[in-house]
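# Residue-level structure breakdown
Each chain is listed here by its residues.
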Amino acid sequence: MASTAPWWRYAVIYQVYVRSFADANGDGIGDLAGVRDRLPYLRDLGVDAVWLTPFYRSPMIDGGYDVADYRDVDPMFGTLADLDALVSDVHAMGLRIIIDLVPNHSSSAHPWFVEALTSPPGSPARDRYVFRPGRGTGGELPPNDWGSVFGGPAWTRAGDGEWYLHLFDPAQPDLNWANPQVYAEFESILRFWLDRGVDGFRVDVAHGLVKAEGLPDLGNVSRDLLRSVATPYFDQEGVHEIYRAWRKILDEYPGDRMAVAEAWVGSPVRVARYVRPDELHQAFNFEYLLAPLEAGAMRKIIDESLAAAAEVGAPTTWVLGNHDTVRPVTRYGDGPAGLARARAAALLTLALPGSMYVYQGEELGLPEVLDLPDEARQDPTWERSGRTVRGRDGARVPLPWSGDRPPYGFSPDATATWLPQPVDWAERTVAAQAGAPASTLELYRHALRLRREHPALREGSLRWLEPPSADVLVFARDPGLVCAVNLGAEPVTLPEYGDLLCASTEVTGRVLPPDTAAWWSR
Ligand code: NOJ
Ligand code: CA
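Structure report, in brief. (Residues numbered from 1 in each chain as written. Chains lettered and ligands numbered in written order. Predicted model: local features only at pLDDT ≥ 70, side-chain atom pairs only at ≥ 80, totals over all residues. Heavy atoms only, no water.)

## Structural notes on the overall build of the chain
A count of helices and strands for the chain gives 14 helices and 20 strands. In terms of overall dimensions, the chain is globule-like: its C-alpha atoms have a radius of gyration of 23 Å, near the 24 Å expected for 522 residues. Seen through its principal axes, the chain has C-alpha atoms that stretch 75 × 55 × 45 Å. In the chain, buried positions account for 61% of the 522 residues. Summarising the internal contacts of the chain: among those between residues at least 6 apart in sequence, 65% fall at separations of at least 24. If you sum the accessible surface of the chain, you get close to 19,100 Å²; carbon and sulfur atoms cover 53% of it. (Helix = DSSP H or I, 4+ residues; strand = E, 2+ residues; numbered from the N terminus. Rg over C-alpha atoms; globule rule 2.2 N^0.38 Å. Buried < 20%, exposed > 50% of the residue type's maximum accessible area, 1.4 Å probe, protein only. Contact = heavy atoms within 4.5 Å. Areas by Shrake-Rupley, 256 points an atom, 1.4 Å probe, with all protein chains shown as cover.)

Quick look at the structure:
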């Protein structure tokens, strides 16, 4: 049955954290040529598309989410010609490619901000950012009580006494989206990349662009990046107008161009507002990522997500991890039990209706690296929190490809990688797992192949079936597929569901062991 749905609706999209994927030129840092070399790996894995994290010119204070030139590639990652070649190779393989867009803030090294700092208060150059006089008799206090997501105040004082807003690092000044020049500039940036052939964008901090009128104090609200709700700087009504304008631009281009919102807004209903028919196409389902891996909690969030998305006619976009969150293996308990649960979660997620994002290394069952030496840490959170919050580096360690010691084929031998890799990753490399039937890599390859082939795993809706215990999830996707997940401590015996297609640990007969998911089909 030929589907008329646009490609992204059921796609599995693989997140490439460029800095840590593959290093072609041997400086210990991943690059675009490295991604290009490894594209056959992604094709064979069976994903539909690739999302590249920022590769733009950047001082790399926040891993490239501090952009100094939105229209050029940082020499660390290669050249615009490398990007063009990568886009063309991706398309030649029948895959799609989306890129990161960072509209909430620029780098402090961006020419606009450099100009703003050397221009007087009240000048047009300052109006592209959020400058305000301070409070207190001499303006020595920040304009309001907002805190940076990375720790410390969200305001830094410029040389002449005015303060500027940065919801993240001081090297990431927030742009002023009430300024028409900012609006026009990003429309032009969208077109620049659409003209180069990218299939879409992942919109960074999509919920942050518009701030409440008058920048009121926050008061007593949580400042957590992951859970912030109803703040004067996140999820303001005005952001939706921006996405309506962008949608019109995306629709002008042929080939189902799309955008996915990174919007940490606290509930599936709020998330769904970003994917109304005239706005963006997808929004990451972070509530699903944050839910405890328990049957009741998972069923609840799955139901809420499907209902909220259906309300606006959008697909759900499941996600288990990314470069900002602790890797699933570790989140679900670490060690062999954490790995078993992460494998079960992957099979569960791949059986849900909608699309899924896979963060590089999830298919290898990589754990979070918890013992990075302090001096190696690069996440600004570490210093901004006074070295109390370790931050996100542990999810960003370069991938192990082959061999039995660092750099495991990530870089040419003997190169020191930008974050050190663990010495015990020899069994986790791509080469060690390829062809090994019980490996996590082969589990992903198998499940992704089934997902492409089995008709139920596209349009089929989800129907809950009676579980044998409260710790078990069982659902059908029509026609003919059943997925069961045992999240309890005891094995359970299931009814007959047909032929076993795929299982996250060994399953014999109708008994589903703990921490296991399986698919059957008739
Ligand atoms: C979300 C990105 O994923 C994260 O890595 C970054 O630090 C913030 N946005 C700020 O751009
Ligand atoms: Ca490199």
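## Looking at the sheet that holds strand β14 (residues 462-464)
On the basis of which strands lie adjacent, the open sheet formed by 5 strands has the order β14-β15-β16-β20-β18 and antiparallel pairing. Lying at the two open borders of the sheet, with one neighbouring strand each, are β14 and β18 (499-503). Averaged over all neighbouring strand pairs, the angle between strand axes comes to 25 degrees, with direction disregarded. In this structure, β18 lies alongside strand β20 (residues 516-521), joined through 4 bridges in antiparallel fashion. Among the inter-strand pairings, Cys502 is bridged to a residue of β20, identified as Trp519. (Pairing = 2+ DSSP bridges. Axes fitted to C-alpha atoms, helices over the stretch in contact; angles between N-to-C directions.)

## Here we look at the coordination of the calcium ion (ligand 2)
Looking at the calcium ion (ligand 2), one finds its protein donor set to be Asp23 (OD), Asn25 (OD1), Asp27 (OD), Ile29 (O) and Asp31 (OD), positioned 2.3 to 2.4 Å from the metal centre. Binding-site remark: the calcium ion (ligand 2) is held by donors from one chain whose sequence spacing is D-x1-N-x1-D-x1-I-x1-D. For Asn25, a relative accessible area of 54% gives the class exposed. (Donors = N, O, S within 2.8 Å, 3.2 Å for Na, K, Ca; no water.)

## Quick notes on the side chain of His166
Along the chain, His166 turns up in the loop between β8 (163-165) and α5 (180-195). One polar contact links His166 to Thr156, side chain to side chain, over a distance of 2.7 Å. Every residue in contact with His166, bar those within four places of it in the chain, is listed here: Ser148, Pro153, Ala154, Trp155, Thr156, Gln172, Pro173, Asp174 and Arg384. (Polar contact = N/O pair within 3.5 Å; in protein donor to acceptor, adjacent residues only side chain to side chain.)

## Considerations on unusual backbone geometry
The omega angle of the peptide bond from Pro406 to Pro407 is 5 degrees, so this bond is cis rather than trans. Structurally, Pro407 is set in the loop between α12 (380-384) and α13 (430-433). The residue after Asp478, namely Pro479, is reached through a cis peptide bond having omega 5 degrees. Here Pro479 lies in the loop between β15 (472-477) and β16 (481-486).

## Quick notes on helix α3 (residues 80-92)
Three or four residues apart is the spacing at which side chains of an α-helix point the same way, because the helix has 3.6 residues per turn. Between its first and last C-alpha, α3 extends 18 Å over 13 residues, near the 18 Å set by a 1.5 Å rise per residue. Among the residues making up α3, those that are buried are Leu83, Ala85, Leu86, Val87 and Val90. With its phi angle positive at about 80 degrees, Gly94 sits one or two positions after the end of α3. (Expected span 1.5 Å × (residues − 1).)

## With respect to the environment of Leu165
Position of Leu165 relative to the elements: it lies in strand β8. Owing to a relative accessible area of 0%, Leu165 belongs among the buried residues under this scheme. Along the sequence, Leu165 and Gly219 sit 54 residues apart, while their C-alpha atoms lie 17 Å from each other. Residue contacts for Leu165: discarding those within four places in its chain leaves Val130, Trp146, Ala154, Trp155, Pro173, Asp174 and Lys211.

## Examining the pattern of salt bridges
For the structure shown, the criterion picks out 34 salt bridges. A salt bridge links Arg392 to Asp62, with the nearest nitrogen and oxygen atoms 3.1 Å apart. Remark: Asp62 occurs in the loop between β3 (56-57) and β4 (69-73) and Arg392 occurs in the loop between α12 and α13; sequence separation between them is 330 residues. Under the relative-accessibility criterion, Arg392 is labelled buried at 11%. (Salt bridge = Lys/Arg side-chain N within 4 Å of Asp/Glu carboxyl O.)

## Focus on the packing of aromatic side chains
Taken as a whole, this structure holds 29 aromatic pairs when the rule is applied. A ring pair is formed by Tyr41 and Trp401, whose centres lie 4.9 Å apart and whose planes are at 80 degrees; its orientation type is edge-to-face. Placement of Tyr41 in helix α2 (residues 39-45) and of Trp401 in the loop between α12 and α13 is noted, with a sequence separation of 360 residues between them. By the burial criterion, Tyr41 is buried, and Trp401 matches it. The structure contains a cluster of three or more aromatic residues connected by ring pairs, namely Phe55, Tyr56, Tyr70, Trp177, Tyr183, Phe186, Phe192, Trp193, Tyr243, Trp246 and Tyr274. The aromatic ring of Phe131 is capped on one face by Arg126, whose charged end is 4.5 Å from the ring centroid. (Phe/Tyr/Trp six-rings, centres within 6.5 Å; stacked < 30°, edge-to-face > 60°. Lys NZ or Arg CZ within 6 Å of the ring centre and 35° of its normal.)

## Let's talk about the state of the cysteines
Using the criterion set out here, one finds 0 disulfides in the structure. Unpaired in terms of disulfides, Cys483 finds its nearest cysteine sulfur in Cys502, a separation of 9.5 Å. (Disulfide = S-S within 2.5 Å.)

## As for the pairing of strand β1 (residues 12-16)
With respect to burial, β1 is a largely interior element, 5 of its 5 residues being buried. In this sheet, strand β13 (residues 355-359) lies alongside β1 in parallel orientation, the contact comprising 4 bridges. Of the residues in β13, the one forming a bridge with Val12 is Met356. Taken together, the 4 bridges between β1 and strand β2 (residues 49-52) define a ladder with parallel strand orientation. Among the inter-strand pairings, Gln15 is bridged to a residue of β2, identified as Trp51.

## Re the packing of α5 against helix α6 (residues 239-252)
Following both chains from N to C, one finds α5 and α6 inclined at 30 degrees, their axes separated by 11 Å at the closest point. The angle between α5 and α6 places the two elements in the roughly parallel class. The hand of the α5/α6 crossing is right-handed. Residues Tyr183, Phe186, Glu187, Leu190, Arg191 and Leu194 of α5 pack against Glu241, Ile242, Ala245, Trp246, Ile249, Leu250 and Glu252 of α6. Its residues placed into classes, the contact of α5 with α6 shows 9 nonpolar, no polar and 4 charged. (Parallel < 35°, antiparallel > 145°, perpendicular 65-115°, else oblique. Left-handed = near helix turned anticlockwise from the far one by under 90°. Nonpolar A, V, L, I, M, F, W, Y, C, P; charged D, E, K, R; others polar.)

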